[in-house]
Amino acid sequence: ILVGHVTFDGPKPRICGETNDFVSFTSEISSQYDRDHPFLILDVKGMYNRMMNIELLKGMKVRGKNIWFLTCVEKVEDVFDAFNTDADELLIPYHTVASDDELREIHAVSDRSFPVLFVRNKMTYTGKGMKDTKKIVNKMTDMGFTSVAVFDLSGTLTEEDWNLLS
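Residues numbered from 1 in each chain as written. Predicted model: local features only at pLDDT ≥ 70, side-chain atom pairs only at ≥ 80, totals over all residues. Heavy atoms only, no water.

**Student:** Help me understand the pairing of strand E8 (residues 129–132), please; the structure alone is not making it clear to me.
**Tutor:** As a general feature of sheets, a regular strand has side chains that alternate between the two faces. With 4 bridges connecting them, strand E7 (residues 123–126) and E8 associate as antiparallel partners. By the bridge assignment, Thr126 is partnered in E8 with Gly129. Connecting E7 to the antiparallel partner E8 that follows it, the hairpin turn spans 2 residues. (Pairing = 2+ DSSP bridges. Helix = DSSP H or I, 4+ residues; strand = E, 2+ residues; numbered from the N terminus.)

Written out as structure tokens, the structure reads:
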């Protein structure tokens, strides 16, 4: 398992630049960061190939940290698979979920999952093209989600936008 900087091609992540071994990286950083902040593991290969990599998380721990796992989730069954690992929270890319009904079902079975929106030029990637981010956030709230993560890939959301989204 490798650790490195990530860049995005649309909503698909890819590792760029140097990589490090996960074990040596986590042992080095676990003492440097506040224990109250979660440790995000982004399943680059799983998201790029649209196939969750459960083996990635099995037995993966960072001492004193909650593990947040961001990977491709299409159906509610994927959520059950993800929680058969050491993940504390599951971040679900909105553009990979099969449908809004599937996302509602995910919300009904898990209070440790929340959607992630990948935004470029103030528009959110969905399974059906780009949609208005504010409308998508409102839809997530209407579904009952109390948390939504937003990755502003283009850096175009203003302070006013962030205030409206929160």
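**Student:** Looking at this structure, how should I read the packing of aromatic side chains?
**Tutor:** One pair of aromatic rings is described through two measures. These are the centre distance and the angle between the planes. Using the criterion set out here, one finds 4 aromatic pairs in the structure. Their ring planes at 75° and their centres at 6.1 Å tell us that Phe8 and Phe151 sit as a pair that is edge-to-face. Of this pair, Phe8 sits in strand E1 (residues 2–9) while Phe151 sits in strand E9 (residues 149–152), and the two are 143 residues apart along the sequence. The exposure class of Phe151 is partly exposed, given its relative accessible area of 21%. (Phe/Tyr/Trp six-rings, centres within 6.5 Å; stacked < 30°, edge-to-face > 60°. Buried < 20%, exposed > 50% of the residue type's maximum accessible area, 1.4 Å probe, protein only.)

**Student:** Quick question: what am I supposed to make of the side chain of Thr71 here?
**Tutor:** Within the element layout of this structure, Thr71 appears in the loop between strand E4 (67–70) and helix H4 (76–82). Residue Thr71 is classed as buried on the basis of its relative accessible area, which comes to 0%. Engagement of the side chain of Thr71 in a polar contact is seen with the side chain of Asp43, the distance being 2.7 Å. Setting aside residues no more than four positions away along its own chain, Thr71 makes contact with Asp43, Met47, Met52, Asn53, Leu90, Leu91 and Pro93. (Polar contact = N/O pair within 3.5 Å; in protein donor to acceptor, adjacent residues only side chain to side chain. Contact = heavy atoms within 4.5 Å.)

**Student:** Is there a simple way to explain the side chain of Asp43 in this structure?
**Tutor:** As for its position among the elements, Asp43 is in the loop between strand E3 (39–42) and helix H2 (44–49). Taking the relative accessible area as the measure of exposure, Asp43 reaches 1% and is therefore buried.

**Student:** Would you mind showing me how to read the environment of Ser113 here?
**Tutor:** Note on placement: Ser113 falls in strand E6 (residues 113–120). C-alpha separation for the pair Ser113 and Asp88, spaced 25 residues apart in sequence, amounts to 9.0 Å. Those residues in contact with Ser113, other than ones at most four positions away along the chain, are Val79, Phe83, Glu89, Leu90, Ile92, Ile106 and Phe145. Separated by 2.9 Å, the side chains of Ser113 and Ser110 make a polar contact.

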